[in-house]
Amino acid sequence: MENALFYIFAALTLLFAFLCVANPFSRNPVTSAMFLVLTMISMAGLFVLLQAFFLAAVQILVYAGAVMVLFLFVIMLLDIKEEERRRFNRFAIALGGVSVIGLGFILFSTIRESKVGAGLKLTAVKGSDTAALGKALFTEYLLPFEIVSVLLLVAMVGVILLSKKDLK
Amino acid sequence: MNIGLEQYLIVSGLLFCFGLLGVVVRRNLLIMYMGLELMLNAANLALVAFSRFNNNLDGQLMVFFIITVAAAEVAVGLALIVALYRKRRSAHVEDLTTLKL
């Protein structure tokens, strides 16, 4: 059962990811954004299979919720008809395709050859690991947590400054 | 065959490749940005898989921080794209050649 679910979610993730960046039927950025949402949701399924329930929820809330709304807002501000009038540079596509296939082959054979998963046994997670995650976040990782909160503040101030009409 | 760490890593590697494909092939800034998000998510998937198979929570905490930083990065990046669009009326990298000799 779990194996079948893994294959389903993995196939969906990869299919939607491919359709997001290289959709043969539509070059509309809105379509890409929608496929990105579907990719995030199927990735949350993979997280659930890995027993990372909290991260699955965060993935859906932050990525499929907040980040994608931001993307769609920005797409609305831009001219999306323009994308369809553009012509592709065939040389760039061929070169990009070849290099990406090469990288994929290298990654695939490295993972296969290194036998990285050998000897690692899945053991049952006891109880919910969300509690353990929270405990570690507020004890061992308290400093990074605070720094990230400052980072979010800095990002917020920066975005407000950037979106002003005339910078003084 | 049981699903091991290898299978998750291969999915993560392929996802990274698709993200890279988006960045290299597409010329629209927004879609290139979505490719970047895919690559970040591929790293997240690999980290969660490592954390699960080693029974160690540190990987999941790292993913938590990566998601937060990615959210901040998306906000700033999209604001930059909007500011650029206001100035140049275009979100295509081929139109942004001011630095070209």
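Owing to the predicted nature of the structure, the values given are computational and were not obtained by experimental measurement.

**Looking at the overall build of chain B**
Thought 1: Scanning chain B from N- to C-terminus turns up 3 helices and 0 strands.
Thought 2: Secondary structure elements of chain B occur, N-terminal to C-terminal, as α-α-α.
Thought 3: Expected size for 101 residues packed as a compact globule is a radius of gyration near 13 Å; at 17 Å, chain B overshoots this value by more than 25%.
Thought 4: The dimensions of chain B, computed from C-alpha atoms along their principal axes, are 50 × 25 × 20 Å.
Thought 5: Relative to its full complement of 101 residues, chain B shows a buried share of 60%.

**Quick look at the packing of helix 6 (residues 129-138) of chain A against helix 3 (residues 58-88) of chain B**
Thought 1: Remark: helix 6 of chain A packs on helix 3 of chain B, axes separated minimally by 10 Å, with the N-to-C direction vectors making an angle of 70 degrees. The orientation of helix 6 of chain A relative to helix 3 of chain B falls into the category roughly perpendicular. Note on packing geometry: the crossing formed by helix 6 of chain A with helix 3 of chain B is right-handed. Where helix 6 of chain A abuts helix 3 of chain B, its residues Asp-129, Leu-133, Ala-136 and Leu-137 of chain A lie against Gln-60, Leu-61, Phe-64 and Phe-65 of chain B.

**Structural notes on the domain arrangement of chain A**
For interface size, the figure often reported is the accessible area lost on association.
Thought 1: Partitioning chain A into structural domains gives domain 1 (2-122) and domain 2 (124-168).
Thought 2: In this structure, domain 1 of chain A and domain 2 of chain A have C-alpha centres spaced 24 Å apart.

**Brief notes about the interface of chain A and chain B**
Thought 1: Contacts between the two partners involve 79 residues from chain A, matched on the other side by 70 residues from chain B.
Thought 2: For the pair chain A and chain B, the summed buried area comes to about 7100 Å², and 76% of that belongs to carbon and sulfur atoms.
Thought 3: In terms of surface lost to chain B, no three residues of chain A exceed Val-21, Leu-50 and Phe-71 of chain A, which account for 10% of the buried area on that side.
Thought 4: Between Glu-6 of chain B and Arg-112 of chain A there is a salt bridge, and its shortest N-O distance comes to 3.0 Å.
Thought 5: Here chain A and chain B share 5 residue pairs in polar contact (both at pLDDT 80 or more) between them.
Thought 6: Those elements that provide at least two residues to the side of chain A that touches chain B are helix 1 (2-21), helix 2 (29-49), helix 3 (53-77), helix 4 (81-85), helix 5 (90-114), helix 6 and helix 7 (142-162) of chain A.
Thought 7: Ranked by the residues each element gives to the side of chain A that touches chain B, the list is headed by helix 3 of chain A, at 12 residues.
Thought 8: Looking at the side of chain A that touches chain B residue by residue, the class counts come to 55 nonpolar, 13 polar and 11 charged.

**Thoughts on the packing of aromatic side chains**
Thought 1: For the structure on display, the rule yields 10 aromatic pairs over all chains.
Thought 2: Relative to Phe-65 of chain B, the ring of Phe-64 of chain B has its centre 5.9 Å away and its plane inclined at 70 degrees; by these criteria the two rings are edge-to-face. Judged on exposure class, the residue Phe-64 of chain B and its partner Phe-65 of chain B are both buried.
Thought 3: One aromatic cluster is present, formed by Phe-6 and Tyr-7 of chain A together with Tyr-8 and Phe-53 of chain B through successive ring pairs.

**Observations concerning the side chain of Gln-7 of chain B**
Thought 1: Residue position: Gln-7 of chain B is located in helix 1 (residues 5-25).
Thought 2: Separated by 2.9 Å, the side chain of Gln-7 of chain B and the backbone nitrogen of Gly-4 of chain B make a polar contact.

**Brief notes about helix 2 of chain A**
Thought 1: Counted at 1.5 Å a residue, the expected span for helix 2 of chain A with its 21 residues is 30 Å, and the 30 Å between its end C-alpha atoms agrees.
Thought 2: Helix 2 of chain A sits mainly inside the fold: 15 of its 21 residues count as buried.

Conventions we followed
Residues numbered from 1 in each chain as written. Chains lettered and ligands numbered in written order. Predicted model: local features only at pLDDT ≥ 70, side-chain atom pairs only at ≥ 80, totals over all residues. Heavy atoms only, no water. Helix = DSSP H or I, 4+ residues; strand = E, 2+ residues; numbered from the N terminus. Rg over C-alpha atoms; globule rule 2.2 N^0.38 Å. Buried < 20%, exposed > 50% of the residue type's maximum accessible area, 1.4 Å probe, protein only. Axes fitted to C-alpha atoms, helices over the stretch in contact; angles between N-to-C directions. Parallel < 35°, antiparallel > 145°, perpendicular 65-115°, else oblique. Left-handed = near helix turned anticlockwise from the far one by under 90°. Contact = heavy atoms within 4.5 Å. Domains from an automatic or database assignment. Buried area = accessible area lost by both parts, 1.4 Å probe. Salt bridge = Lys/Arg side-chain N within 4 Å of Asp/Glu carboxyl O. Polar contact = N/O pair within 3.5 Å; in protein donor to acceptor, adjacent residues only side chain to side chain. Nonpolar A, V, L, I, M, F, W, Y, C, P; charged D, E, K, R; others polar. Phe/Tyr/Trp six-rings, centres within 6.5 Å; stacked < 30°, edge-to-face > 60°. Expected span 1.5 Å × (residues − 1).

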